[in-house]
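The chain contents come next:
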Amino acid sequence: MKIAIIGAGINGLYLAWKLADAGHEVSVFDRKQRVGDNVVCSGLFSSRILDFIPQSQKLIQNRINYALIHFPKKTIRVNFSKPFFVMDHTELDRIVADLAQDKNAKIILNQNITEIPTGFDRVIGCDGANSIVRKKLELKNPKFRLGVLEIRKGKTSADFVETWPRKTGFSWRIPRGDDVEIGQIETRPGLVETRPGLVSKVIPEGLIVPRHKTITLCGDAVGLTKPWSGGGVIWGLTAADILIKSFPDFQKYRKRVKLSFTHKMVLGKIAVAIVYFLGFHCPWLLPKKVKIDSDFLIKIKK
């Protein structure tokens, strides 16, 4: 089939790689001048990234085993059932772009897409939180949060991240090996700190999958981000695999992705609400140490 993918981020490029490998004629369109330019995302990835992109092994800068959550009157240690890796997100995108091109996928840059492309058997919108494809399909927007981050110099080999919850969001500190990532997410954008050196990104939260037979969405365009962290790479790639296995049946993809993620999003929101309430109002009820699967909160089976 002849396939158009809008957006050369990690999800669009991964889909291009796998669909081209399956023998389809794939074209990826993106407004950037170069793959990976202007990427505003945290460099923290679950070790599951290696299940999807084994070639990313060489990008690992640091290994993260646990997180410290600092509430005003209590700190909780959260051990991860699977470690996290610190990687360069820009380089990760470029690795996947090379894999896609090796399978003869076309990556067409400097394209300001304002309409859904015609002349294709299937169109997949991987064009981010403010998806043009979603807008043209007249679908509702997901809920939005605002994230900002900056990279500060300072070599560290610490194997943990730190977070500071707020009633409307949280801030974090991630040791990256040769430097440190500092960030903040807020549900009320006016509370986000702004100053030189900070870069920002809209973080969607929802599950907006069209009913269309030949056009669909994946990744941030769907709003697939974790309620507790705002991270979306593993969820997006998981949805991409569902799409690939369901292809070319976009109705089947819609049903399977909703079945896979709806309960995870609901349970995640409930868990966040409970932990935040206890952390700010009844901290003595929270354990000092817990262990979770930070991609899905609960253990999943393949």
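Cut-offs applied
Residues numbered from 1 in each chain as written. Predicted model: local features only at pLDDT ≥ 70, side-chain atom pairs only at ≥ 80, totals over all residues. Heavy atoms only, no water. Salt bridge = Lys/Arg side-chain N within 4 Å of Asp/Glu carboxyl O. Helix = DSSP H or I, 4+ residues; strand = E, 2+ residues; numbered from the N terminus. Buried < 20%, exposed > 50% of the residue type's maximum accessible area, 1.4 Å probe, protein only. Pairing = 2+ DSSP bridges. Axes fitted to C-alpha atoms, helices over the stretch in contact; angles between N-to-C directions. Contact = heavy atoms within 4.5 Å. Core = buried A, V, L, I, M, F, W, Y, C linked by side-chain atoms within 4.5 Å. Parallel < 35°, antiparallel > 145°, perpendicular 65-115°, else oblique. Left-handed = near helix turned anticlockwise from the far one by under 90°. Nonpolar A, V, L, I, M, F, W, Y, C, P; charged D, E, K, R; others polar. Phe/Tyr/Trp six-rings, centres within 6.5 Å; stacked < 30°, edge-to-face > 60°.

Give a description of the pattern of salt bridges that names residues and reports values.
Scanning the model with the defined rule gives 15 salt bridges in all. For the salt bridge of E115 with K136, the shortest nitrogen-to-oxygen distance reads 3.3 Å. A residue pair is termed long-range when its members are at least 10 positions apart, and E115 in the loop between β6 (106-108) and β7 (122-125) and K136 in helix α4 (residues 132-136) qualify at 21 residues. For K136, a relative accessible area of 36% puts it in the partly exposed group. With a shortest N-O distance of 3.3 Å, K201 and D220 are connected by a salt bridge. Of the two residues, K201 sits in strand β12 (residues 199-205) while D220 sits in the loop between β13 (215-217) and α5 (233-246), which places them 19 residues apart along the sequence. In the salt-bridge network here, residues are joined through shared partners; they are R48, K226, D293 and D295.

Tell me about the sheet that holds β6, and please be specific about residues and values.
On the basis of which strands lie adjacent, the open sheet formed by five strands has the order β6-β2-β1-β7-β13 and parallel pairing. Here the strands that pair on one side only, and so sit at the sheet edges, are β6 and β13. With direction set aside, neighbouring strand axes in the sheet form an average angle of 20°. Relative to β6, strand β2 (residues 25-29) runs parallel, the two sharing three bridges. Bridged to V28 within β6 is I107.

Lay out the environment of G125 in plain terms, naming residues and giving numbers.
Looking at the secondary structure, you find G125 in strand β7. Through-space distance from the C-alpha of G125 to that of S229 is 23 Å; in sequence the pair is 104 residues apart. For G125, the contacting residues outside a window of four places in its chain are I6, V133, T216, L217, C218 and A221.

Please give an account of the pairing of strand β4 (residues 62-71) that cites residues and values.
Here β4 lies mainly inside the structure; eight of its 10 residues are buried. Between the end of β4 and the start of strand β5 (residues 74-86), which pair antiparallel, lie two residues.

Just give me the short version of the nonpolar core, but keep the residues and values in it.
Counting residues in each nonpolar core, the largest one holds 62 residues, and the members touching the most others are I49, I53 and I124. Not counting the four nearest positions on each side in its chain, I49 is found in contact with S56, F85, M87, L92, V233, I234 and L237. In this structure, F80, V161, F170 and W172 belong to the second largest nonpolar core, which totals 19 residues.

A description of the environment of L243 should follow, citing residues and the corresponding values.
Mapped onto the fold, L243 is located in helix α5. Considering only alpha carbons, one finds L243 and G128, 115 residues apart in sequence, at a separation of 17 Å. Those residues within four positions of L243 in sequence are excluded, and the remaining contacts are L15, I124, T216, C218, F250 and Y253.

Describe the packing of helix α1 (residues 10-21) against α5, naming the residues involved and giving the relevant values.
For the pair α1 and α5, interaxial distance at closest approach is 10 Å and the crossing angle is 30°. As far as their axial angle goes, α5 and α1 are roughly parallel. α5 is crossed by α1, and the crossing has right-handed handedness. Each of I10, N11, Y14, L15, K18 and L19 in α1 lies in contact with α5, whose residues at this interface are V233, G236, L237, A240, D241, L243 and I244. When grouped by side-chain class, the residues that make up the contact of α1 with α5 number nine nonpolar, two polar and two charged.

Explain unusual backbone geometry to me, and be specific about the residues and the numbers.
When glycine is set aside, most residues are seen to have a negative phi, and most peptide bonds are trans. Of the consecutive residues F247 and P248, the connecting peptide bond is found in the cis state with omega at 5°. Tracing the chain through its elements places P248 in the loop between α5 and α6 (250-281). One non-glycine residue, N110, lies in positive phi territory at about 60°. Here N110 shows up in the loop between β6 and β7.

Please set out the packing of aromatic side chains residue by residue, giving values where relevant.
A complete count under the given rule lists 13 aromatic pairs for this structure. Taken together, a centroid distance of 6.0 Å and an interplanar angle of 80° make the contact between Y14 and F52 edge-to-face. One end of the pair, Y14, is in helix α1; the other, F52, is in helix α2 (residues 49-52), and 38 residues separate them in sequence. Neither residue differs from the other here; Y14 and F52 are each classed as buried. Between the aromatic rings of F71 and Y276, the centroid separation amounts to 6.1 Å while the plane-to-plane angle is 90°, which identifies the pairing as edge-to-face. One end of the pair, F71, is in strand β4; the other, Y276, is in helix α6, with 205 residues separating them in the sequence.

Without other data, these values stay purely geometric and don't point to any function.
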